[in-house]
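Letter by letter, the chains look like this.
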Amino acid sequence: NNMVCFIFSVGERTTELAAWSADYFGLKVVILDGEELFTDKLKKMCQLSNGQECLRIDADIILNEKVKDYIKLAQESDYIWTESYGWDWNRQDLLPISVHYYKPEALEILEKNADKFRDNSRPERSLWCLPEFMGKKEHLKINAGLHGYGRKDLDRLKKIKEDRGQIYDWNYIRKIK
């Protein structure tokens, strides 16, 4: 498999494990790390993909073997952008997690529109809702990975989730960490 898996990191301690899991399942790994804006990383990913399909994960994702099934299903679908399900460690549930597959058409749309959401607290969700993606995106219910395991930066994580209006049981999360 020549597909590239771009990993977006802001210094998560699981970045190396995320990279290892992508490599283990036959993906070429490119880590985009640092504190630059998500939208800047997204544009960089679009440029580095050279118009080829690719995968993108957050650095707190550990892929599992079903990522192969997810990629195959995404490639064979009519969708240009898909997101897999996975086990969310913090919520202890099977939910959409940041394992994204993009076809070239999606990458063009993302690169063209990324700057519109530079100051948005959830730019990827806003991009997902663009009219250009209506009927061309889908969540695929394949458990392709584990999200959030091993996070130690809970104060930072809590601030991000609260800024986005996402509700978590922080007493529970602190205990299972």
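Preceding this section is the structure that the text describes.
The rules we used
- Here the residue numbering is sequential within each chain, running from 1 through the sequence in written order.
- Side-chain atom pairs in this predicted model are given and counted only at pLDDT of 80 or more, local residue features only at pLDDT of at least 70, and totals for whole chains, interfaces and linings cover all residues.
- Processing note: side-chain calculations cover all non-hydrogen atoms of the structure and skip hydrogens and water entirely.
- In short, DSSP must find at least two bridges between two strands for them to pair.
- In this description a helix means any DSSP run of H or I spanning at least four residues, a strand means any run of E spanning at least two, and both kinds are numbered starting from the N terminus.
- Interaxial angle, 0 to 180 degrees, is taken between N-to-C directions of lines fitted to C-alpha atoms, where a helix line uses only the stretch in contact.
- Whether two residues are in contact is decided by their heavy atoms: any pair within 4.5 Å suffices.
- What counts as a ring pair is set by centres within 6.5 Å for rings of Phe, Tyr and Trp (its six-membered ring), and what kind of pair is set by the plane angle: stacked under 30 degrees, edge-to-face over 60, tilted for all other angles.
- Each residue is placed in one exposure class: buried if its accessible area under a 1.4 Å probe, protein chains only, is under 20% of its type's maximum, exposed if it is over 50%, and partly exposed if it falls in between.
- For this analysis, a nonpolar core means a set of buried residues of the types Ala, Val, Leu, Ile, Met, Phe, Trp, Tyr and Cys, connected via side-chain atoms within 4.5 Å.
- Each C-beta atom gives one direction from the helix axis, and the arc is the one those directions make.

1. Here we look at the sheet that holds strand E1 (residues 4-8)
Now for step 1: The strand order E2-E1-E3-E6-E5-E7-E4 describes an open sheet built from 7 strands, whose pairing is mixed. The two strands at the open ends of the sheet, each matched to only one other strand, are strand E2 (28-32) and strand E4 (61-63). Averaged over all pairs of adjacent strands, the angle between their axes in this sheet comes to 40°, without regard to strand direction.
Now for step 2: Relative to strand E3 (residues 54-58), E1 runs parallel, the two sharing 5 bridges. Each bridged residue has a counterpart across the sheet, and for Val4 the counterpart in E3 is Cys54.
Now for step 3: Sheet strands in contact with helix H2 (residues 38-48) are E1, E2, E3 and strand E6 (93-102), and its direction is about 165° off that of E1.
Now for step 4: Contacts from helix H3 (residues 67-76) reach E3, E4, strand E5 (81-88), E6 and strand E7 (137-147) within the one sheet, and its direction differs from that of E7 by about 165°.

2. Let's talk about the packing of aromatic side chains
Now for step 1: Tallied over the full model, the rule gives 7 aromatic pairs.
Now for step 2: With a centroid separation of 5.1 Å and 90° between ring planes, the pair formed by Tyr24 and Phe25 is classed as edge-to-face.
Now for step 3: By relative accessible area, Tyr24 is classed as exposed at 55%.
Now for step 4: Aromatic side chains Trp81 and Phe133 sit 4.9 Å apart centroid to centroid with 75° between the ring planes, which places their arrangement in the edge-to-face category. Residue Trp81 is located in strand E5, and its partner Phe133 is located in the loop between helix H5 (123-128) and E7; the two are separated by 52 residues in the primary sequence. Each member of the pair, Trp81 as well as Phe133, carries the same accessibility label: buried.

3. Quick word on the nonpolar core
Now for step 1: Of all hydrophobic cores here, the largest spans 23 residues; its most connected members are Leu27, Leu55, Ile57, Leu63, Val67, Tyr70 and Val99.
Now for step 2: Broken down by secondary-structure element, the contributors of at least two residues to this core are E1, helix H1 (15-24), E3, E4, H3, E6 and E7.
Now for step 3: With 4 residues, the top contributor of residues to this core is H3.
Now for step 4: In contact with Val99, other than residues within four places in its own chain, are Leu55, Arg56, Ile57, Ile61, Leu63, Tyr70, Thr82, Glu83, Ser84 and Ala144.
Now for step 5: Membership of the second largest hydrophobic core comes to 20 residues, among which are Leu42, Cys46, Leu107 and Ala114.

4. Considering H1
Now for step 1: Buried within H1 are the following residues: Thr15, Ala18, Ala19, Ser21 and Ala22. Here the buried residues of H1 occupy an arc of 160° about the axis, which is enough to place them on one side. Among the exposed residues of H1, those oriented more than 90 degrees off its buried face are Glu16, Asp23 and Tyr24.
Now for step 2: In this fold, the buried residues of H1 make contact with E1, E2, E3 and E4.
Now for step 3: Looking one or two residues beyond H1, the residue adopting positive phi is Gly26, at roughly 85°.

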